[in-house]
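Survey of secondary and tertiary structure
What follows is each chain in one-letter form.
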Amino acid sequence: MKSKTHYDHQKTKALGHSAPRTSVPKSSPNWKPEPCGLSREELRKIVAQIMG
């Protein structure tokens, strides 16, 4: 008895423009941002270091 495995690569197609987009998760209604303790200037310096 012979068995042959067939792999169908056509099932994994790239998503086109008409593909439904995933929704962004919504935060809880009682969520509030917490301060990080850094000033805007300090944050800008950190970002500038990361970006190069």
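Report follows, based on the coordinates. Please read these numbers as outputs of a predicted model, since none were measured by experiment.

Before going further, it helps to spend a moment on the overall build of the chain. Of regular secondary structure, the chain possesses one helix and zero strands. By the burial criterion, 0% of the 52 residues in the chain qualify as buried. Accessible area of the chain: about 6400 Å², with a carbon and sulfur share of 56%.

The next thing to look at is helix α1 (residues 40–51). Spanning twelve residues, α1 covers 16 Å between terminal C-alpha atoms, matching the ideal 16 Å at 1.5 Å per step. In terms of burial, α1 is largely open, as just zero of its twelve residues are buried. Downstream of α1 by one or two residues, G52 has phi in the positive range, about 100 degrees.

Turning to a nonpolar patch on the surface, a few remarks are in order. Taken together, the side chains of L38, L43, I46, V47, I50 and M51 define a hydrophobic patch exposed on the protein surface, amounting to about 590 Å² of accessible area. Locating V47 in the fold gives a position in helix α1.

Conventions and cut-offs
Residues numbered from 1 in each chain as written. Predicted model: local features only at pLDDT ≥ 70, side-chain atom pairs only at ≥ 80, totals over all residues. Heavy atoms only, no water. Helix = DSSP H or I, 4+ residues; strand = E, 2+ residues; numbered from the N terminus. Buried < 20%, exposed > 50% of the residue type's maximum accessible area, 1.4 Å probe, protein only. Areas by Shrake-Rupley, 256 points an atom, 1.4 Å probe, with all protein chains shown as cover. Expected span 1.5 Å × (residues − 1). Patch = residues over 30% accessible without salt bridge, like charges linked within 9 Å, V, L, I, M, F, W, Y side chains within 5 Å. Salt bridge = Lys/Arg side-chain N within 4 Å of Asp/Glu carboxyl O.

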